[in-house]
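# Examination of the molecular architecture
Here's the letter readout for the chains.
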Amino acid sequence: MTEEARVFNPVEAEVEEVPVATKEPGLAKDVHEALLPTESVLSLDVAAYVQDFNARVIGAYEKGVGSQELPADVGVARSLIPPGTAALRDFSYLSPEIPEFIADKCVGCMTCVTECPDTAILAKAIPASRLEGDPEFDGFHWARTRKYFEVPARKGLEGALFGIFIDPTKCKGCAECVEVCAALGYDALRMLRKGEGTLERYRRAFNFFRHVGPTPAEYVNEKSLADMMLAEESALLYVGGAGSCMGCGEGTALRMMVAATGFAYGPEGMAIVAATGCNTVYCSTYPYNPFLVPWT
Ligand code: SF4
Ligand code: SF4
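Everything in this summary refers to the structure shown in the same document. (Residues numbered from 1 in each chain as written. Chains lettered and ligands numbered in written order. Predicted model: local features only at pLDDT ≥ 70, side-chain atom pairs only at ≥ 80, totals over all residues. Heavy atoms only, no water.)

## Some details on the environment of Glu-196
With respect to the helices and strands, the residue Glu-196 is situated in the loop between strand E5 (189-193) and helix H9 (198-211). On the basis of relative accessibility, which here comes to 87%, the residue Glu-196 falls in the exposed class. Taking the C-alpha atoms as reference, Glu-196 lies 28 Å from Tyr-186; in sequence the two are 10 residues apart. (Helix = DSSP H or I, 4+ residues; strand = E, 2+ residues; numbered from the N terminus. Buried < 20%, exposed > 50% of the residue type's maximum accessible area, 1.4 Å probe, protein only.)

## Here's the deal with the packing of aromatic side chains
According to the stated counting rule, one finds 10 aromatic pairs in the structure shown. Between Phe-137 and Trp-142 the ring centres are 6.5 Å apart and the planes differ by 40°, which places this aromatic pair in the tilted class. By relative accessible area, which is 24% here, Phe-137 ends up partly exposed. Residue Trp-142 is classed as buried on the basis of its relative accessible area, which comes to 6%. Put simply, the rings of Phe-137, Trp-142, Phe-165, Phe-206 and Phe-209 pair up and form one aromatic cluster. (Phe/Tyr/Trp six-rings, centres within 6.5 Å; stacked < 30°, edge-to-face > 60°.)

## Description of unusual backbone geometry
Tyr-286 connects to Pro-287 through a cis peptide bond whose omega is 5°. Positive phi values are uncommon outside glycine, yet Met-110 reaches one of about 70°. Residue position: Met-110 is located in the loop between strand E1 (97-101) and helix H5 (111-115). Since its relative accessible area comes to 1%, Met-110 is described here as buried. For Thr-119, which is not glycine, the phi dihedral falls at a positive 50°. What makes Thr-119 buried here is its relative accessible area of 6%.

## Looking at the pattern of salt bridges
Overall, the coordinates contain 8 salt bridges when judged by the stated rule. For Lys-124, the salt bridge identified is with Glu-232, shortest N-O distance 3.4 Å. Taken together, the positions of Lys-124 in strand E2 (residues 121-127) and Glu-232 in helix H11 (residues 232-235) put the pair 108 residues apart, joining distant regions of the chain. For Lys-124, a relative accessible area of 1% puts it in the buried group. Owing to a relative accessible area of 28%, Glu-232 belongs among the partly exposed residues under this scheme. Where Lys-147 meets Asp-227, a salt bridge forms, and the shortest distance between an N and an O atom there is 3.0 Å. In this pair, Lys-147 sits in helix H7 (residues 146-154) while Asp-227 sits in helix H10 (residues 225-228), placing the two residues 80 residues apart along the sequence. Residue classification places Lys-147 among the partly exposed positions, given a relative accessible area of 33%. By relative accessible area, which is 2% here, Asp-227 ends up buried. Each of Glu-200, Arg-203 and Arg-204 takes part in a single network of salt bridges with overlapping partners. (Salt bridge = Lys/Arg side-chain N within 4 Å of Asp/Glu carboxyl O.)

## A look at the site of ligand 2
With respect to spatial proximity, the complete set of residues near ligand 2 consists of Pro-99, Cys-116, Ala-120, Ile-121, Cys-171, Lys-172, Gly-173, Cys-174, Ala-175, Glu-176 and Cys-177. In terms of residue class, the shell around ligand 2 is built from 8 nonpolar, 1 polar and 2 charged. (Near = heavy atom within 4 Å. Nonpolar A, V, L, I, M, F, W, Y, C, P; charged D, E, K, R; others polar.)

In structure tokens, the structure reads:
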């Protein structure tokens, strides 16, 4: 008679409890402490965790099978979401419309960038010679404003062109940016119906925005919150991709708070403790975290 394959049954299995950090009766306290592990029994390799999370966990949620197929693990047990994973979220097909920039009406006030709750409209001021030599430079995205071109030129700096770019993967089509620009009397933005090729054109433009490099510090007025939004590394610490409603006012306030604090103290000098409220929910719709700073 052949022996049947034994199947592991956790209910029937003999369970041996492994005492961790428990002192044996009679053992001297100092001897016991010397025997304790130097690392947590649930220690986590953070770099490996982030890499695995971004590929495996985000990948599964992008395919729509995350909650069915992913096993529970130590990261889930601790509710750990790596920073900025919401940058990988794609809202391109959420709205039928997207803002269009009309460069010759723009004055570079940055109000649209400050107002957007989703970090979907961003700006840069780049010295003209750095742009005009680039084969992918597209003049329709860049304005010659008094603030970034004429005023620096008067101070002996090269004039910078001011560019506005929309990230089609983060824009929810709320039109807050268009309304605020119109309310200021500039009308440099309007909503455009998405058609064939629109998303591809916006993606190409946004890739150019990413590769052109940061706004040089001499074009950023440190006393202006709007200008702080030009300082990408220190101020753009909320990447968008959160689960907030279109045009969420709390999102705008949160981004401004994070930008001002990050600009003043640096990204390493801040952390957020969110007591409760909508933001604790829409900023942690697993596995998407829009913050690049620690928060709980
Ligand atoms: S609000 Fe209008 S004028 Fe101001 S930066 Fe934005 S597009 Fe330009
Ligand atoms: S339409 Fe709304 S989400 Fe899109 S860029 Fe403007 S403010 Fe941001």
